[in-house]
Amino acid sequence: MKPYQPDRSLPAKIARRMTRWSVAHPLPATPEHTKICFTFDDFPKSAADTGAEILDEVGARGCFYACTGMVGTKNQTGELFDAHDLRRLAAAGHEIGAHTETHLDCARTGTAEVLADIDTNIARLAALGHTLPVTQFAWPYGETRASLKPKLTSRFMAARGVLPGANVQGSDLMQLSAYELDETESSIARAADAIEKAAASPALLFIFTHDVREKHSAWGTTPAHLRRLVRLARDTGAEIVTPSVALASIRAKEVA
Ligand SMILES: [Zn+2]
């Protein structure tokens, strides 16, 4: 993951805006009741342990986007997941999503290379014992391209980005908005505000972070912050579900 920094130049910023406007696969409907997906990227063991426990406390399930090149390694977010974590989470009803093999910047990599990297990611998840279908994806760094997003529609039900916002009818399933929880208090306040607003105006919300521990990285949060947001989500009456459960429900309604 970090400390790699995606391109922050003006042309890159403009391209990023054009990419977001270019909807590859619109969300077919706005949910009648707010659904909130708590998700973890890369993902550290502290997310698999403490993050999952905090969701379990309220009977909720989350999604863990696995970058398979990080299996058994360690970085600023702490120790990363292993095969045991995959099995334990899946057995408990949490969802495992794809997040590439090498955590590459998909905005700066050729399409064939990105797709091959995703294929490796899926194959390695299976080799690690995760045999359930992998229908969710998260773009590393949130980076993608307008020409690349449509290539994932046949592979994944949805792909999550990192730009803040509530997802409603017409939002891009191939670049869903999400609220990041990082080291700043403002990121926690922003997510809390979005959860409260969604109580009055239904939406599909994604929250994401990395490590969940007292001494977290710049890209992680404390157990207390995560617990506060999970309980706030529950108290507003939102459904806290995995992305696949949320999207299946939205699609079923569309068909019905
Ligand atoms: Zn990542």
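Attention in this report is confined to the structure presented alongside it. Everything numeric here is computed off the predicted structure, so don't read it as measured data.

## Quick notes on the nonpolar core
Point 1. Within the largest apolar cluster, 69 residues are counted, with the highest numbers of intra-cluster contacts made by F38, F43 and I195.
Point 2. With six residues, helix α5 (residues 185-200) is the largest single contributor of residues to this core.
Point 3. Setting aside its immediate chain neighbours within four residues, F38 contacts L55, G62, C63, I195, I207, L226, L229, V230, A233 and I240.

## Considerations on the packing of α5 against helix α6 (residues 223-235)
Point 1. Relative to each other, α5 and α6 sit at 10°, their axes nearing to 10 Å. When the axis of α5 is compared with that of α6, the two are roughly parallel. Contacts between α5 and α6 involve E185, I188, A191, A192, I195 and E196 from the first element and H225, R228, L229, L232 and A233 from the second.

## Some remarks on the environment of F38
Point 1. By secondary structure assignment, the location of F38 is in strand β1 (residues 35-42).
Point 2. Along the sequence, F38 and L128 sit 90 residues apart, while their C-alpha atoms lie 23 Å from each other.

## Points about the packing of aromatic side chains
Point 1. Applying the stated rule across the entire model yields six aromatic pairs.
Point 2. Aromatic pair F137 and F156: ring centres 5.1 Å apart, planes at 20°, arrangement stacked. Of this pair, F137 sits in strand β6 (residues 136-138) while F156 sits in the loop between β6 and β7 (158-160), and the two are 19 residues apart along the sequence. Residue F137 shares its accessibility class with F156, and that shared class is buried.
Point 3. Against the face of F208 rests R160, its NZ or CZ located 4.1 Å from the ring centre.

## Observations regarding the pairing of strand β2 (residues 63-66)
As a general feature of sheets, a regular strand has side chains that alternate between the two faces.
Point 1. Residues C63 and Y65 line one face of β2 and the alternating positions F64 and A66 line the opposite face, and both faces are buried.
Point 2. One ladder, built from four bridges, connects β1 with β2; its direction is parallel. Bridge pairing links T39 to C63 in β2.
Point 3. This β-α-β element, β1 to helix α2 (residues 45-56) to β2, shows right-handed connectivity.
Point 4. Examined bridge by bridge, β2 and strand β5 (residues 95-98) share four bridges and lie parallel to one another. Looking at the pairing, A66 lines up with A98 of β5.

## Here's the deal with helix α4 (residues 111-127)
Point 1. The terminal C-alpha atoms of α4 lie 24 Å apart, and with 17 residues this matches the ideal 24 Å at 1.5 Å per residue to within 8%.
Point 2. Among the residues making up α4, those that are buried are V114, L115, D117, I118, N121 and L125. Along the long axis of α4, the arc covered by the buried residues comes to 160°, so they all point the same way. Facing away from the buried side of α4 by over 90 degrees, the exposed positions are A112, E113 and A127.
Point 3. Structurally, α4 contributes buried residues whose contacts are with β2, α3 (83-91), β5 and β6.

## Points about the coordination of the zinc ion
Point 1. On the protein side, the zinc ion has D42 (OD), H99 (NE2) and H103 (NE2) as donor atoms, found 2.1 Å from it.
Point 2. For the zinc ion, all donor residues lie on one chain, and their spacing in sequence is D-x56-H-x3-H. Placement of the pair is D42 in strand β1 and H103 in the loop between β5 and α4, with a sequence separation of 61 residues.
Point 3. Looking at D42, the relative accessible area reads 0%, which means it is buried.
Point 4. For H103, a relative accessible area of 7% puts it in the buried group.

## Section: the environment of P150
Point 1. Within the secondary structure, P150 sits in the loop between β6 and β7.
Point 2. The exposure class assigned to P150 is partly exposed, which follows from its relative accessible area of 40%.
Point 3. Separated by 127 residues in sequence, P150 and V23 have C-alpha atoms that sit 8.7 Å apart.

## Focus: the layout of surface pockets
Point 1. One number sums up the size of the largest pocket: a volume of about 420 Å³.
Point 2. If you trace the largest pocket, you find 26 residues lining it, with R8, Y141, V162, E180 and F208 closest to the centre.
Point 3. Of all elements in the fold, only β1 and α5 reach the threshold of two or more residues within the lining of the largest pocket.
Point 4. Within the lining of the largest pocket, the residues separate by chemical class into 10 nonpolar, seven polar and nine charged.
Point 5. Quantified by volume, the second largest pocket comes out at close to 180 Å³.

The rules we used
- Residues numbered from 1 in each chain as written.
- Predicted model: local features only at pLDDT ≥ 70, side-chain atom pairs only at ≥ 80, totals over all residues.
- Heavy atoms only, no water.
- Core = buried A, V, L, I, M, F, W, Y, C linked by side-chain atoms within 4.5 Å.
- Buried < 20%, exposed > 50% of the residue type's maximum accessible area, 1.4 Å probe, protein only.
- Helix = DSSP H or I, 4+ residues; strand = E, 2+ residues; numbered from the N terminus.
- Contact = heavy atoms within 4.5 Å.
- Axes fitted to C-alpha atoms, helices over the stretch in contact; angles between N-to-C directions.
- Parallel < 35°, antiparallel > 145°, perpendicular 65-115°, else oblique.
- Phe/Tyr/Trp six-rings, centres within 6.5 Å; stacked < 30°, edge-to-face > 60°.
- Lys NZ or Arg CZ within 6 Å of the ring centre and 35° of its normal.
- Pairing = 2+ DSSP bridges.
- Right-handed = clockwise from strand over helix to strand, strands pointing away.
- Expected span 1.5 Å × (residues − 1).
- Arc of directions from axis to C-beta.
- Donors = N, O, S within 2.8 Å, 3.2 Å for Na, K, Ca; no water.
- 1 Å grid on protein atoms, 1.4 Å probe; cavity = no way out; pocket = protein on both sides within 12 Å on 5 of 7 lines; lining within 4 Å.
- Points joined across faces, edges and corners; volume = space filled by probe spheres on them.
- Nonpolar A, V, L, I, M, F, W, Y, C, P; charged D, E, K, R; others polar.

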